[in-house]
Amino acid sequence: MKKRATYLRFELMRTLRNKRFFLLSLGFPLLIYLLVAAPNRTDRSLAGTGISLRLYFMVGLASFGSMNAMLGTGVRIAVERTTGWNRQLRLTPLSTRAYFGTKVVAGYVVAACTITLLYIAGAGLGVHIPAVDWVKMTLLLLVGLVPFAALGILIGHLISADAVAPAIGGITALLSFLGGIWFPVGQSGVLHYVAQALPSYWLVQASHVGVGGASWNGTGWAVMAAWTLVATRLAMRAYARDTGRG
Amino acid sequence: MPRGIELRQLRKTYRTSNGPIEAVRGVDITIEPGETVALLGPNGAGKSTTIDMLLGLTPPDGGTVSLFGEDPEHAIARGAVGAMLQSGQLIRDLTVRELLTQIASLYPQPLDLDATLDLVGIESIANQRTQKLSGGQAQRVRFALALLTNPELLVLDEPTVGMDVESRRAFWGTMRDAASHGKTVLFATHYLEEADEFADRAILMARGIIVADGPTTEIKAMVGTRTIRATLPDVPAEQLERLDGITHAERRGESVALACSDSDAAIRALLGAYPQVSDIEIGGGSLEDAFLELTA
């Protein structure tokens, strides 16, 4: 246990010291939020929904930003693989489970910072929601990030460093678009069904708890569990195979 | 149960765009605990692939690996193995001291950090970030990393590649101080002198097979000097090995390749015993030439 704590401590230190990665992960969602919400902070009912724009975009960008932060783990892993560090690490007693755990915790730290920063910005723009809803939304968001943690690790071990940026960018864009982060997917039609099979849709639903939305139904929990299981299994397999030179 | 290192009939073929390459073609190696063994061979001999299979980084196509009676995965999991791989940078954003502390924390009985820094001569860069190090400094940090973990088996894949003569000497001096306490050491190199000075035993690899395995003095005599090639049908290789100055003979169809400890004596003996010999060529004394001659 002490072993893992020391290992984790230095992994977190590395994550926070990579300032460009850390600040960009936090900065972009915040920038988008301020650009959209600050000029329109008096809009009290976005498209007649009765939800203020500053609130709608705060929760939306919390899900987008934290998803990005989790998938960003993949970029870091891909770079570490390219340098050959992973081969060295494989010769230490660090278990696959501990390796994954460390990566997930580091991802969560960045994601939690992103969410916190957006909450502060939202509050600064005058967002008010009941404390219970803040807590419920945040907890469900954190649970909703689990499949993205596994996906990030999977991508990091499948794709090489020179291709990982467009891969993660494309996957993030696709998941955001189909999951309804930028605009609501309708209540019917093909897109609605496709969206419900994606983890990003349920992540957005989690953030909508803050705007009076319902928590996940059975389908939501099942979809998230399925993505987590499949991505974790595939990520472990990818990690196990990923020991070649160069 | 075998206590040391056992590789049995290891094979590995890589698929490439130019067709399959048989990197390792049936390698058997046994290393007793506490032995220091050099794996010698030119580039492309299969040394690194053999080491990758020994460490469990590359799954063999055939054959078995046993480290102290366990498979590599289990031996590594209990911290019995330390390695300095041929390539590989260090992860960034930690200082040398932090990186060493992080990795040492995973091992059951690491050496003292400050003592190791001192031994490898990197105290002065202990507080530098890893991404700011020069190539030579990073190489020493990787060496410190391997020593620090204090493993039963230390594997070094061409640890001195790219070093000048001075640094090489310093490196092996440190190795002698640090790792001679009952550790099993396997290192790959293409410098015969390194094997001669540091190892008890040398294993010679070329083109994916082991061509010789014995005390370093024997290996040195076998490959250290010149090689004679000649056309000489119908004389068994063993008979040629009995001639003066010849340490090893190989037959390839009509021609023979002879490794010589004394090529002048060998030529005289050869012409005296077999006047019909023709097409005599004497090759240079480099290790690479000797390998090529012995294994073509």
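In this text the structure is predicted, and so the values were computed from the model without any measurement. (Residues numbered from 1 in each chain as written. Chains lettered and ligands numbered in written order. Predicted model: local features only at pLDDT ≥ 70, side-chain atom pairs only at ≥ 80, totals over all residues.)

Quick look at the overall build of chain B
And step 1. Scanning chain B from terminus to terminus reveals 11 helices and 13 strands.
And step 2. Taken along its principal axes, the extent of the C-alpha atoms in chain B is 70 × 40 × 40 Å.
And step 3. Per-residue burial over chain B gives 45% buried out of 296 residues.
And step 4. The contacts in chain B between residues at least 6 apart in sequence include a share of 68% that link residues at least 24 apart. (Helix = DSSP H or I, 4+ residues; strand = E, 2+ residues; numbered from the N terminus. Buried ≥ 20, exposed ≤ 12 C-beta atoms within 10 Å, placed from the backbone. Contact = placed C-beta atoms within 7 Å.)

As for the interface of chain B and chain A
And step 1. With 23 residues of chain B at the contact, the number on the chain A side is 23 residues.
And step 2. Sorting the residues of the side of chain B that touches chain A by element identifies helix 2 (72-77), strand 5 (81-84) and helix 3 (96-104) of chain B as the ones contributing at least two each.
And step 3. If one sorts the elements of the side of chain B that touches chain A by residue count, helix 3 of chain B sits on top with 3 residues.
And step 4. Looking at the side of chain B that touches chain A, its residues break down into 13 nonpolar, 7 polar and 3 charged. (Nonpolar A, V, L, I, M, F, W, Y, C, P; charged D, E, K, R; others polar.)

Section: the nonpolar core
Residues and elements named next belong to chain B.
And step 1. Core analysis: the largest hydrophobic core is formed by 75 residues, its most contacted members being Val-81, Ala-144, Val-155 and Leu-204.
And step 2. Looking at which element gives the most residues to this core, the answer is helix 5 (residues 135-148), with 7 residues.
And step 3. Those residues in contact with Val-155 that sit more than four places away from it in its chain are Ile-51, Leu-54, Leu-55, Val-81, Ala-83 and Leu-186. (Core = buried A, V, L, I, M, F, W, Y, C linked by C-beta atoms within 7 Å.)

Focus: unusual backbone geometry
Residues and elements named next belong to chain B.
And step 1. Notably, Phe-68 is not glycine yet its phi reads approximately 55°, a positive angle.
And step 2. With respect to the helices and strands, Phe-68 occurs in the loop between strand 4 (62-67) and helix 2.
And step 3. Positioned with a positive phi, Asp-93 is a non-glycine residue whose angle comes to about 75°.
And step 4. As for its placement among the helices and strands, Asp-93 is situated in the loop between strand 5 and helix 3.

Here's the deal with the pairing of strand 1 (residues 5-16) of chain B
Residues and elements named next belong to chain B.
And step 1. For strand 1 and strand 4, the ladder comprises 5 bridges, and the chain directions are antiparallel. Residue pairing for strand 4: Glu-6 is matched across the bridge by Ser-66.
And step 2. Pairing analysis gives 10 bridges linking strand 1 to strand 2 (residues 19-31), with the strands arranged antiparallel. Bridging across to strand 2, Lys-12 finds its partner in Val-24.
And step 3. What sits between the antiparallel neighbours strand 1 and strand 2 is a turn of 2 residues. (Pairing = 2+ DSSP bridges.)

A closer look at the sheet that holds strand 2 of chain B
Residue and element names in this part refer to chain B.
And step 1. An order of 2-1-4 is seen for the 3 strands of this open sheet, with the pairing classed as antiparallel. The open sheet terminates on both sides in strands that have one partner only, identified here as strand 2 and strand 4. The average undirected angle you get between the axes of adjacent strands in this sheet is 25°.
And step 2. Sheet strands in contact with helix 1 (residues 47-54) are strand 1, strand 2 and strand 4, and its direction is about 120° off that of strand 1. (Axes fitted to C-alpha atoms, helices over the stretch in contact; angles between N-to-C directions.)

Let's talk about the sheet that holds strand 6 (residues 153-157) of chain B
Residues and elements named next belong to chain B.
And step 1. Strands sit in the order 5-6-7-3-8-9 across an open sheet of 6 strands; the sheet is mixed. Looking along the sheet, the strands with just one partner apiece sit at the ends: strand 5 and strand 9 (209-215). Neighbour-to-neighbour, the strand axes of this sheet turn through a mean angle of 15°, independent of strand direction.
And step 2. Note that strand 6 and strand 7 (residues 184-189) share 5 bridges and pair parallel. Within the sheet, the bridge partner assigned to Leu-156 lies in strand 7 and is Phe-187.
And step 3. Sitting on the sheet, helix 1 is in contact with strand 3 (36-40), strand 6, strand 7 and strand 8 (201-206), with an inclination near 150° to strand 6.

Structural notes on the environment of Leu-106 of chain B
And step 1. Residue placement: Leu-106 of chain B occurs in the loop between helix 3 and helix 4 (113-120).
And step 2. C-alpha separation for the pair Leu-106 of chain B and Thr-231 of chain B, spaced 125 residues apart in sequence, amounts to 59 Å.
And step 3. Sequence-distant contacts of Leu-106 of chain B, that is, excluding residues within four places in its chain, are made with Lys-3, Tyr-7, Thr-92, Pro-93 and Leu-94 of chain A.

Observations regarding the confidence of the model for chain B
And step 1. In the predicted model, chain B carries a mean pLDDT of 87, and the fraction of residues at 70 or more is 93%.
And step 2. Predicted complex metrics record ipTM = 0.86 and pTM = 0.81. (pLDDT = per-residue confidence, 0-100.)

Side note on helix 10 (residues 263-273) of chain B
All names here are of chain B.
And step 1. Along helix 10, the residues classified as buried are Ser-263, Ala-266, Ile-267 and Leu-270. The buried residues of helix 10 all sit within an arc of 100° when viewed along its axis, so they share a single face. What points out from helix 10, more than 90 degrees from its buried face, is the exposed set Asp-264 and Gly-272.
And step 2. Packed against the buried residues of helix 10 are strand 10 (227-231), strand 11 (246-252), strand 12 (255-260) and strand 13 (278-283). (Arc of directions from axis to C-beta.)

Remarks on the pairing of strand 9 of chain B
Each regular strand carries side chains that alternate between the two faces of the sheet.
All names here are of chain B.
And step 1. Of the pairings in the sheet, the one linking strand 8 to strand 9 comprises 6 bridges and is antiparallel in character. Each bridged residue has a counterpart across the sheet, and for Leu-204 the counterpart in strand 9 is Ala-212.
And step 2. Counting the residues between successive antiparallel strands, the hairpin from strand 8 to strand 9 contains 2 residues, one of them, Arg-207, with a positive phi of roughly 50°.

Quick notes on the packing of helix 3 (residues 53-82) of chain A against helix 5 (residues 96-124) of chain A
If you want to describe how two helices pack, look at the angle between their axes and the distance between the axes.
Residues and elements named next belong to chain A.
And step 1. Two elements in contact, helix 3 and helix 5, have axes separated by 8 Å at closest approach and are oriented at 155°. For the element pair helix 3 / helix 5, the angle class is roughly antiparallel. Seen along the crossing, helix 3 lies across helix 5 with a hand that is right-handed. Touching Arg-54, Leu-55, Met-58, Leu-61, Ala-62, Gly-65, Ser-66, Ala-69, Met-70, Gly-72, Thr-73 and Ile-77 of helix 3 are Lys-103, Ala-106, Gly-107, Val-110, Ala-111, Thr-114, Ile-115, Leu-118 and Gly-122, all from helix 5.
And step 2. For the contact of helix 3 with helix 5, the class distribution of residues is 12 nonpolar, 7 polar and 2 charged. (Parallel < 35°, antiparallel > 145°, perpendicular 65-115°, else oblique. Left-handed = near helix turned anticlockwise from the far one by under 90°.)

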